[in-house]
Amino acid sequence: DVDTDTIHWSCRIEEITGFMPQKFNSMGFEGWKTLVHPDDTERVLALLDDAKKTGEVFQCEYRLRRADGSYIIVEDNGSFLFYGSDTPVSMLGVIKDITKRRKVEDELRESEERFRTLHNASLGGISIHDGGIIVICNRGLSEMTGYAIEELTGMNSLLLIAPAWRDFVREKITSGYEKSYDVEGIRKDGSVYPLEINGRNIPYKGRPMRVTEFRDITERKNILMQLEKQKQELEAGIEHQQEQMKQIEAVNAELLE
């Protein structure tokens with residue numbers, strides 16, 4: 001069986017754990033176990049036991065207590081050495097502190113989850129694109145354009161703009177324009193519709209990208225057209241009434257002569 005009383009660690013163990021190598025070495029296997037977070041101990045020891053039985057590489061992530069009492073997340077990789085014996089004689093392994101990496105990954109995952117939640121709740125279509133190529137988008141954009149999310153991902157976002165407006169939109173993207181503007185969009189079925197666009201440059205996954213909101217303003221345009229029609233009808237009615245008043249005044253003037 002493996003010698004569990006003696007463990008030899010390199011000088012980098014102090015950088016990782018805060019313990020001097022001599023102190024860490026004197027703890028032995030049992031001492032190391034006390035540093036593993038209680039919620040991780042059973043899982044880690046089970047994986048260690050499996051690796052010992054099968055001879056496969058031991059790979060595990062767990063929380064390890066530092067000398068100051070704080071916990072870090074480590075990646076532990078090791079192999080049992082048999083030296084021709086049926087049972088392992090020793091183990092050679094490497095421990096890495098991955099706390100910062102895991103924090104960044106968790107923050108990125110949470111950020112993406114918030115992005116999906118907020119964007120799927122949005123009434124409009126939203127996408128993030130890199131050099132015009134859509135990296136991620138919400139369900140609203142899919143419903144608005146008729147394309148599946150899988151089709152939109154990797155698509156050139158300018159293909160969602162009616163051809164006559166593409167140069168105009170390209171100029172807005174290139175200049176970093178951050179105010180809303182109206183153009184015409186084109187759906188998968190080829191139908192054209194009035195579209196409001198609002199975009200801004202943002203950092204995403206360590207790269208400068210652009211987030212764009214698309215809003216189908218067909219209803220708004222229809223309402224404005226109706227209001228304009230009513231305004232014109234009202235103005236025409238007023239002009240007609242004024243003309244009638246002039247005629248009546250002219251008749252009255254003739255009668256008084």
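In what follows, the structure referred to is the one given above.
First, a word on scope: everything that follows refers to the structure included in this document. (Residues numbered from 1 in each chain as written. Predicted model: local features only at pLDDT ≥ 70, side-chain atom pairs only at ≥ 80, totals over all residues. Heavy atoms only, no water.)

Turning next to the overall build of the chain. Per the secondary structure count, the chain includes 8 helices and 8 strands. Across the 257 residues that make up the chain, the buried fraction comes to 31%. Contacts in the chain between residues far apart in sequence, at least 24 positions, make up 37% of those at least 6 positions apart. (Helix = DSSP H or I, 4+ residues; strand = E, 2+ residues; numbered from the N terminus. Buried < 20%, exposed > 50% of the residue type's maximum accessible area, 1.4 Å probe, protein only. Contact = heavy atoms within 4.5 Å.)

Inspection of every chain in the model, using the stated rule, returns 15 salt bridges. Measuring nitrogen to oxygen at the nearest pair gives 2.9 Å for the salt bridge that ties E151 to K188. Here E151, found in helix α6 (residues 149–152), pairs with K188, found in the loop between β6 (181–186) and β7 (192–204); they are 37 residues apart in sequence, far enough to count as distant. On the basis of relative accessible area, E151 is assigned to the partly exposed category, the value being 35%. By relative accessible area, K188 is classed as partly exposed at 44%. Here the salt bridges do not stand alone but share partners, grouping E61, E75, R101 and R102 into one network. (Salt bridge = Lys/Arg side-chain N within 4 Å of Asp/Glu carboxyl O.)

A few words now on the sheet that holds β7. Reading across from one edge, β5-β4-β8-β7-β6 is the order of the 5 strands in this open sheet, with antiparallel pairing throughout. Pairing within the sheet leaves two strands with one partner each, and these edge strands are β5 (133–137) and β6. The mean angle between the axes of side-by-side strands here comes to 40°, regardless of whether they run parallel or antiparallel. Sheet topology places strand β4 (residues 125–130) next to β5; 4 bridges connect them, and they run antiparallel. Along β5, the bridge assignment pairs S127 with C137. Running at roughly 130° to β6, helix α7 (residues 166–175) makes contact with β4, β6, β7 and β8 (207–216) of the sheet. (Pairing = 2+ DSSP bridges. Axes fitted to C-alpha atoms, helices over the stretch in contact; angles between N-to-C directions.)

Glancing now at the environment of G185. Positionally, G185 belongs in strand β6. Once the C-alpha coordinates of G185 and W165 are considered, the two residues, 20 residues apart in sequence, prove to be 8.5 Å apart. Those residues in contact with G185 that sit more than four places away from it in its chain are L160, I161, A162, S191, V192, Y193 and L195.

With 17 residues, helix α3 (residues 38–54) extends 25 Å from end C-alpha to end C-alpha; this agrees with the ideal 24 Å at 1.5 Å per step. Directly beyond the C-terminal end of α3, a positive phi value near 80° is found at G55. (Expected span 1.5 Å × (residues − 1).)

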